[in-house]
Amino acid sequence: MAGYLFSDAKKITTKRFLEMKSTGEKISMLTAYDYTTAGIIDAAGVDSILIGDSASNVMAGNDTTLPITIDQMIYHARSVVRGVKRALVVCDMPFGSYQVSREDGIRNACRMMSESGVDALKLEGGIEILDTIKGLLDAGIPVCGHLGLTPQSVHKFGGFGLRAKETAEAEKLMSDAQALDRAGCFAIVLEKVPAKLAAEVTRMVSCPTIGIGAGNGTDGQVLVSADALGMTPSFKPKFLRHFAQVAQAITDGVGDYVRAVKDGSFPNDSESY
């Protein structure tokens, strides 16, 4: 099936995100960490590309997102930006880059923006980091919030399970979302929370919500591209759908290549100078 035919090729902006919420148009977001993949995803019509700190898992094989550094995130982000023409490009601020102090967070955010060329940054957390978020916004940096399962706090949570199941945590999530919205975040990612709660938060805030494992009541969805495209076939949580079988396609292609080399059929005369 051909790629999604988006209505125009204009650059997606944070303002467009707000317009999409107001008109009821769902927002699509996928991760990318390199130039080639970003170019393919962008050309296929995705609204936003996230350089997630999930690069720590997908690209480096770490168990958590914690080990990735600012320098590594800038490298991945700069590569992605070069491949994108239309999508809004958002980059995660990695663990330790904004938790120490407001000033430290602003300094690191300014560096990430200037050295990578991304359109916006994403930070995990609510009221606890609100002062830092306000500082970034005052500096002219668009901010996407992230609530629910925040992977940088995996050790605090004791795993990657569903968040905000209990009343107290659900109420805090709603308060955090409202605070981020009032501060001026252009979007909020809601990760692995009950669908009913995510839908309620979506109705409460004026900015778009982007869900992952949060049901269909959010304003949009985000997935790790390697997961969505079937590059990690053994990883299949409840919220994930495989939209392609890329791992199998690569396996088949490499197998064909190896056989062609072994039997001498590659390169043939037309492939030789």
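Residues numbered from 1 in each chain as written. Predicted model: local features only at pLDDT ≥ 70, side-chain atom pairs only at ≥ 80, totals over all residues. Heavy atoms only, no water.

Q: Teacher, can you tell me more about the overall build of the protein here?
A: If you tally the helices and strands in the protein, you get 11 helices and 8 strands. Whereas a compact globule of 273 residues would reach a radius of gyration of roughly 19 Å, the protein reaches 20 Å, a difference of no more than 12%. Structurally, the protein occupies a C-alpha span of about 65 × 40 × 35 Å along its principal axes. Looking at the protein residue by residue over its 273 residues, the buried ones come to 48%. The contacts in the protein between residues at least 6 apart in sequence include a share of 59% that link residues at least 24 apart. Just so you have it, the protein exposes about 13,700 Å², and 56% of that area is on carbon and sulfur atoms. Both charge centroids of the protein, one from 28 positive and one from 32 negative side chains, sit 4 Å from each other. (Helix = DSSP H or I, 4+ residues; strand = E, 2+ residues; numbered from the N terminus. Rg over C-alpha atoms; globule rule 2.2 N^0.38 Å. Buried < 20%, exposed > 50% of the residue type's maximum accessible area, 1.4 Å probe, protein only. Contact = heavy atoms within 4.5 Å. Areas by Shrake-Rupley, 256 points an atom, 1.4 Å probe, with all protein chains shown as cover. Lys, Arg positive; Asp, Glu negative; His and termini not counted. Charge placed at Lys NZ, Arg CZ, Asp CG, Glu CD.)

Q: Whenever I open this one, helix H1 (residues 14-23) confuses me. Can you help?
A: The α-helix advances 3.6 residues per turn, and as a result positions three or four apart in sequence lie on the same side. Among the residues of H1, those classed as buried are Arg16, Phe17, Met20 and Lys21. All buried residues of H1 lie within an arc of 145° about the axis, which places them on one face of the element. Exposed side chains of H1 directed beyond 90 degrees from the buried face belong to Lys15, Ser22 and Thr23. Residues of H1 that are buried sit in contact with strand E1 (27-31), strand E2 (48-51), strand E3 (88-92), strand E6 (187-191), helix H9 (195-204) and strand E7 (209-212). Once H1 finishes, Gly24 follows within two positions and takes phi at roughly 85°, a positive value. (Arc of directions from axis to C-beta.)

Q: Hey, could you run me through the sheet that holds E7 in this one?
A: Backbone hydrogen bonds are what pair the strands of a sheet, in a parallel or an antiparallel way. The strand order E1-E2-E3-E4-E5-E6-E7-E8 describes a closed barrel built from 8 strands, whose pairing is parallel. Shown here is a sheet whose adjacent strand axes are inclined to one another by a mean of 25°, direction ignored. As judged from the 3 bridges shared by E1 and E2, these two strands associate in the parallel manner. Each bridged residue has a counterpart across the sheet, and for Thr31 the counterpart in E2 is Leu50. Contacts from helix H5 (residues 102-116) reach E3 and strand E4 (120-122) within the one sheet, and its direction differs from that of E4 by about 135°. (Pairing = 2+ DSSP bridges. Axes fitted to C-alpha atoms, helices over the stretch in contact; angles between N-to-C directions.)

Q: What am I meant to see in the pairing of strand E5 (residues 143-148) here?
A: Regular strands place their side chains on alternate faces of the sheet. Across the 6 residues of E5, 6 count as buried, placing the element largely inside the fold. The pairing of E4 with E5 spans 2 bridges and is classified as parallel. By the bridge assignment, Leu121 is partnered in E5 with Val143. With helix H6 (residues 130-138) bridging E4 and the parallel E5, this β-α-β connection has right-handed handedness. (Right-handed = clockwise from strand over helix to strand, strands pointing away.)

Q: Sorry if this is basic, but what is going on with the nonpolar core here?
A: Proteins that are soluble and globular tend to have nonpolar side chains buried together. Grouped together as the largest cluster of nonpolar side chains are 73 residues, with contacts concentrated most on Ile49, Leu121, Leu123, Leu136 and Leu190. The greatest single-element share of this core, amounting to 6 residues, is contributed by helix H8 (residues 167-183). Setting aside its immediate chain neighbours within four residues, Leu123 contacts Met93, Tyr98, Ile129, Thr132, Ile133, Leu136, Val143, Cys144, Gly145 and His146. (Core = buried A, V, L, I, M, F, W, Y, C linked by side-chain atoms within 4.5 Å.)

Q: When you look at the state of the cysteines in this model, what are you seeing that I'm missing?
A: Cysteine pairs can be linked by a disulfide, which is a covalent bond between their two sulfur atoms. Inspection of the entire model under this criterion finds 0 disulfides. Here Cys110 stays free of any disulfide, with the sulfur of Cys91 as its closest cysteine sulfur at 14 Å. Cys110 gets classed as partly exposed once you look at its relative accessible area, which sits at 35%. (Disulfide = S-S within 2.5 Å.)

Q: Just to check I follow, could you spell out the environment of Leu130 for this structure?
A: Checked against the element boundaries, Leu130 lands in helix H6. Take Leu130: its relative accessible area is 15%, and that puts it in the buried class. Between the C-alpha atom of Leu130 and that of Arg102, which follows or precedes it by 28 residues, the distance is 9.2 Å. Setting aside residues up to four positions removed in sequence, Leu130 forms contacts with Ala179, Leu180 and Ala183.

Q: Even after reading the chapter, I still don't get a nonpolar patch on the surface, so can you show me in this structure?
A: Side chains of Met231, Ile250, Val254, Tyr257, Val258, Val261 and Phe266 sit close together on the surface and give an oily, nonpolar patch of about 620 Å² of accessible area. As for its placement among the helices and strands, Met231 is situated in the loop between helix H10 (225-228) and helix H11 (246-262). (Patch = residues over 30% accessible without salt bridge, like charges linked within 9 Å, V, L, I, M, F, W, Y side chains within 5 Å. Salt bridge = Lys/Arg side-chain N within 4 Å of Asp/Glu carboxyl O.)

Q: So what exactly am I meant to see when it comes to the packing of H5 against H6 here?
A: When two helices pack together, their arrangement is given by the angle between the helix axes and the distance between those axes. At a closest axis distance of 9 Å, the pairing of H5 and H6 adopts a crossing angle of 40°. On the basis of the axis angle, H5 is oblique to H6. As H5 packs across H6, the resulting crossing turns out to be right-handed. Listed contacts from H6 to Arg102, Gly105, Ile106 and Ala109 of H5 are Asp131, Thr132, Gly135, Leu136 and Asp138. (Parallel < 35°, antiparallel > 145°, perpendicular 65-115°, else oblique. Left-handed = near helix turned anticlockwise from the far one by under 90°.)

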